[in-house]
Amino acid sequence: MSTSTEKEMWVSKLRKGWQKNLPIEKLLPDTQPAYVASWIYLFGVATLASLGMIIATGLWLSFEGAQWYHTSNVGHFANSMHFWSVQFFFVFMVVHLWGKFWMAAWRGRRMLTWITGAFAFVGSIATAFTGYLVQSNFDSQWISYEAKDGFNSVGIGSRFTVTNFGQMLLLHVAFLPVIIGLITLVHVLLVRAKGVVPPIDAFNKELGERK
Amino acid sequence: MGIFDHFMNLRAVYIHIGWFQISITNLIVIIGMLTLFGLALFLPFPGNKKKGQK
Amino acid sequence: MSDRRAELEAAHWGGRTRRYDLIKEGVVAVVIIAILVGALATLFGSPDEKQVTFKEWAVAAPADFYATSVQELAGSSGTAGYGAPYNKASDGINLGPLYLAKLLGVTHPVDTVNDFVITPLTTVSNAAPVADALKTWQASDAKSKATWATNYDNALTKVNQDQAKVPAGNYGPVPELAAGLLTMAQAGSLDGALLSQGNYFQTDNTKQTLFLGDGTYFNDKSTASNLQGSTWGMMNETGRYPGQAWLWLYSFWYQIPPFNNGDSHPFGANADAWIMVIMGVLSFSLILMPMIPIVNRLPYKIKIHRLVWKNYYQEENL
């Protein structure tokens, strides 16, 4: 235990900050506000579950190598699981986004939750894009041929070479999943820390107003 | 290989309206999303009896 | 008042609660999604249209391959005249006064004459006419090479790529070089030569993709699959599989004036750059949407939220 005259350690600051903002009861609650009673609330967890499937099937594909699925029936099945997981991921994520917009879910100092969620959406599109580039089939050839013009036109092509299979593969399986994973983790922890946003008119009585 | 692999690898069918065109499959996906959104809003959610405050 | 509301909305919820099993919800979601994904994978598989090879191109469309080879030697192909990041042949696309690609320079040099034609030909043992043509080419000066290649390219274009109809002219060794490359491609060895580029380990397919795209065969295949940008191709997938519906807005701009006319200036000819900028702005707008006036008031005006919280509003008489 440090005495009051000693400077507070970084680890202590981190622990106290963590305990204050995200105690275990908030991280793993066993209750939720009564207003969380709509099917729309399930699209967040559905998106996360789809992401889990994407990662699991992606790891399966990566273990066997980039060309495996072209010549193996099991590999083709793994690729198919990965493909449909991505389709579900985007469907659920977009419906989740629609729901959160119409609920104005950024209220009550939850702006960062919206921002991280939107970043995750845009980042997911970029990650999916690199995925399409590393299929090593006709679609990859065409997408890389077309996409190069967009990126070259704004100078991004000088570092980000969509026709460079090796670069795109490593971005897809390492760099971007880590980035998206971190953004998603922060997003989910923010939801836990801030709680689910209350209804728009929940405090009209307290405030004596009608919205 | 998927059971309907052959069917899925045939040429896609497109709906053309002026300069707009969309594949039937993409249209199904988008209509599906809108339907899911609508159902999520309108379908009753189970277990809404008043509970005591924690 | 709005600060007080924000404070109340941010505070820990002190109202009615319900039982909630976070872990069970997550596990059930994963199981259901896994079953759905497994079912769709079993029923429909996934798209995997075979990659195009130079062998396939040269066998299926030899005239197109031949003509493209000549264009690479003449410097009239799309890649040869592209500009940065491949070469300095043109200024490239611009955003008004900004030539961003040119500014960043040639970071991925591609020499269509040597990379696509001459170097691959030197990696194989050629028949006498081709070997002699290669010797002649390598011993000649740049001006002669350019003259021969341009003359032959123009002549071939005039007869619609029909090699048999090209009149006699000052073409140097160009016809034999193109013929040699065609033979090499049809045998399958051009794929290997372009892939390895003299190396053992090689993972950059840029040169192959650029060469492939310079021809008509590759583009025609894409048109047949409705993948061209001008037909919402960015959203589409090969076969009947779902594509990338989330790219609808990116794809949209390519369909409307001024971006749908590649000859119009300044926007049509530079559509790729302008649309990238537009999508960048819109993406940031999405990220910062709660700060955008009028848009951030829409949930209050169009009360879809009344459906989300209809039970709560009824129970609380709101």
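All chains use their own residue numbering, which begins from 1 and follows the written sequence. Each chain gets a letter, beginning with A, and each ligand a number, beginning with 1, in the order they are written. Two thresholds apply to this predicted model, a pLDDT of at least 70 for residue-level local features and 80 or more for giving and counting side-chain atom pairs, whereas whole-chain, interface and lining totals are computed over all residues.

J.: Explain the overall build of chain C residue by residue, including any values.
T.: A tally of regular secondary structure across chain C gives 17 helices and one strand. Rg of the C-alpha trace for chain C: 29 Å, well past the compact-globule value of 20 Å for 318 residues, more than 25% over. Along the three orthogonal principal directions, the C-alpha set of chain C runs to about 95 × 50 × 35 Å. In chain C, which comprises 318 residues, the share counted as buried stands at 36%. A separation threshold of at least 6 residues defines the contact pool for chain C, and within that pool the share at least 24 residues apart is 54%. Counting from the N terminus, the helices are the DSSP runs of H or I reaching at least four residues and the strands are the DSSP runs of E reaching at least two. Note that the radius of gyration is over C-alpha atoms, with the globule rule given as 2.2 Å times the number of residues to the power 0.38. Whether a residue is buried, exposed or partly exposed follows from its count of other C-beta atoms within 10 Å of its own C-beta, namely 20 or more, 12 or fewer, or something in between, respectively; the C-beta atoms are built from the backbone. Note on contacts: residues are paired as contacts if their backbone-placed C-beta atoms lie within 7 Å.

J.: I'd like a rundown of the pairing of strand β1 (residues 14-17) of chain B, residues and numbers included.
T.: All names here are of chain B. Here, a strand pair is defined by DSSP locating no fewer than two bridges between the strands. Where β1 and strand β2 (residues 20-23) come together, four bridges link them in antiparallel fashion. Residue pairing in the sheet places I15 in a bridge with I22 of β2. Counting the residues that bridge the hairpin from β1 to β2 gives two residues, and of these G18 lies at a positive phi of roughly 65 degrees.

J.: Please give an account of the interface of chain A and chain B that cites residues and values.
T.: Each partner contributes to the interface: chain A provides 13 residues, whereas chain B provides 14 residues. Among the residues making up the side of chain A that touches chain B, the classes are represented as eight nonpolar, five polar and no charged. Ten residues, namely Ala, Val, Leu, Ile, Met, Phe, Trp, Tyr, Cys and Pro, are considered nonpolar, four, namely Asp, Glu, Lys and Arg, are considered charged, and the remaining ones, Gly among them, are considered polar.

J.: Outline the packing of helix α5 (residues 73-102) of chain A against helix α6 (residues 111-133) of chain A, listing residues and values.
T.: Residue and element names in this part refer to chain A. For helices, the fitted line uses only the C-alpha atoms of the stretch in contact; every axis is such a line through C-alpha atoms, and the angle between N-to-C directions lies from 0 to 180 degrees. Where α5 contacts α6, the two axes come as close as 11 Å, and the packing angle between them is 155 degrees. Between α5 and α6, the angle falls in the class roughly antiparallel. Here α5 and α6 pass one another in a crossing that is left-handed. Where α5 approaches α6, its residues V86, M93, L97 and K100 are matched on the opposing element by G117, F121, S124 and A128. By the definition adopted for this analysis, an angle is roughly parallel if under 35 degrees, roughly antiparallel if over 145, roughly perpendicular if from 65 to 115, and oblique otherwise. In this scheme, a crossing is called left-handed if the near helix is turned counterclockwise away from the far one by less than a right angle; it is called right-handed if the turn is clockwise.

J.: Can you break down the environment of C:A58 residue by residue, with the values?
T.: All names here are of chain C. Inspection of the secondary structure puts A58 in helix α3 (residues 54-60). The exposure class assigned to A58 is buried, which follows from the 26 C-beta atoms found within 10 Å. Remark: the alpha-carbon pair of A58 and Q186, spanning 128 residues in sequence, is separated by 5.3 Å. Beyond its immediate chain neighbours, meaning those up to four positions away, A58 contacts F65, L182, A185 and Q186.

J.: Please provide a residue-by-residue account of the domain arrangement of chain A, values included.
T.: Residue and element names in this part refer to chain A. The split into domains, and so the bounds of each, comes from an automatic or database assignment of domains. By the assigned domains, chain A splits into domain 1 (39-92) and domain 2 (104-196). If you look at the interface, domain 1 gives six residues, while domain 2 gives six residues. The leading source of residues in the side of domain 1 that touches domain 2 is helix α3 (residues 42-64), at three residues. Of the residues that constitute the side of domain 1 that touches domain 2, the class distribution is three nonpolar, three polar and no charged.

J.: Help me get a handle on the interface of chain C and chain A, residues and values and all.
T.: With 75 residues of chain C at the interface, the matching set in chain A holds 78 residues. For the side of chain C that touches chain A, the element with the most residues is helix α2 (residues 22-44) of chain C, which contributes twelve residues. Looking at the side of chain C that touches chain A residue by residue, the classes come out as 40 nonpolar, 21 polar and 14 charged. Sheet topology places strand β1 (residues 31-33) of chain A next to strand β1 (residues 17-19) of chain C; three bridges connect them, and they run antiparallel. Bridge pairing in β1(C) places A:T31 opposite C:R19.

J.: Report on the packing of α6(A) against helix α14 (residues 271-287) of chain C, specifying residues and quantitative values.
T.: Geometry of a packed helix pair, given as the angle between the helix axes and the separation of the axes. In the contact formed by α6(A) and α14(C), the axes pass within 8 Å of each other and the chain directions differ by 145 degrees. Across the interface between the two elements, A:I115, A:A118, A:F119 and A:V122 of α6(A) pack against C:S283, C:L286 and C:I287 of α14(C). Considered class by class, the residues forming the contact of α6(A) with α14(C) number six nonpolar, one polar and no charged.

J.: Report on the environment of A:A56, specifying residues and quantitative values.
T.: The residue A:A56 is located in helix α3 in this model. Remark: the alpha-carbon pair of A:A56 and A:S85, spanning 29 residues in sequence, is separated by 9.9 Å.

J.: Account for the confidence of the model for chain C, naming residues and giving values.
T.: Chain-level statistics for chain C give a pLDDT mean of 95 and a share of 100% at 70 or above. Reported for the predicted complex are a pTM of 0.94 and an ipTM of 0.94. A score between 0 and 100, pLDDT records how confident the predictor is in each residue.

J.: An account of α2(C) is requested, with residue identities and associated values reported.
T.: Given a rise of 1.5 Å per residue, 23 residues ought to cover 33 Å, and the 33 Å separating the end C-alpha atoms of α2(C) matches this to within 8%. In the stretch just after α2(C), C:G45 is the one whose phi turns positive, near 60 degrees. A helix's residues, less one, multiplied by 1.5 Å, set its expected span.

J.: Mind laying out the nonpolar core, listing which residues take part and the relevant values?
T.: C:V70, C:V174, C:L177, C:L181 and C:A185 are the most contacted members of the largest nonpolar core, which totals 103 residues. Among the elements that take part in this core, α5(A) stands out by supplying 16 residues, more than any other. Composition of this core by domain shows at least three residues from each of domain 1 (39-92) and domain 2 (104-196) of chain A. Those residues in contact with C:V174, other than ones at most four positions away along the chain, are C:V70, C:L73, C:W148, C:A149 and C:Y152. In plain words, the nonpolar core is the set of buried Ala, Val, Leu, Ile, Met, Phe, Trp, Tyr and Cys residues that C-beta atoms within 7 Å link up. Counting 14 residues, the second largest nonpolar core, distinct from the first, contains C:Y82, C:Y86, C:F259 and C:W274.

J.: Go over unusual backbone geometry with me, naming the residues and quoting the values.
T.: Note that the residue after C:A84, namely C:P85, is joined by a cis bond; omega there is 5 degrees. Secondary-structure assignment places C:P85 in the loop between α4 (62-74) and α5 (100-104). For A:A104, which is not glycine, the phi torsion reads 45 degrees and is therefore positive. Position of A:A104 relative to the elements: it lies in the loop between α5 and α6. Residue class for A:A104 comes out buried when judged on the 21 C-beta atoms lying within 10 Å of it. Of note in the backbone geometry, C:I294 takes a positive phi value of approximately 70 degrees without being a glycine. Within the element layout of this structure, C:I294 appears in the loop between α14 and α15 (298-301).

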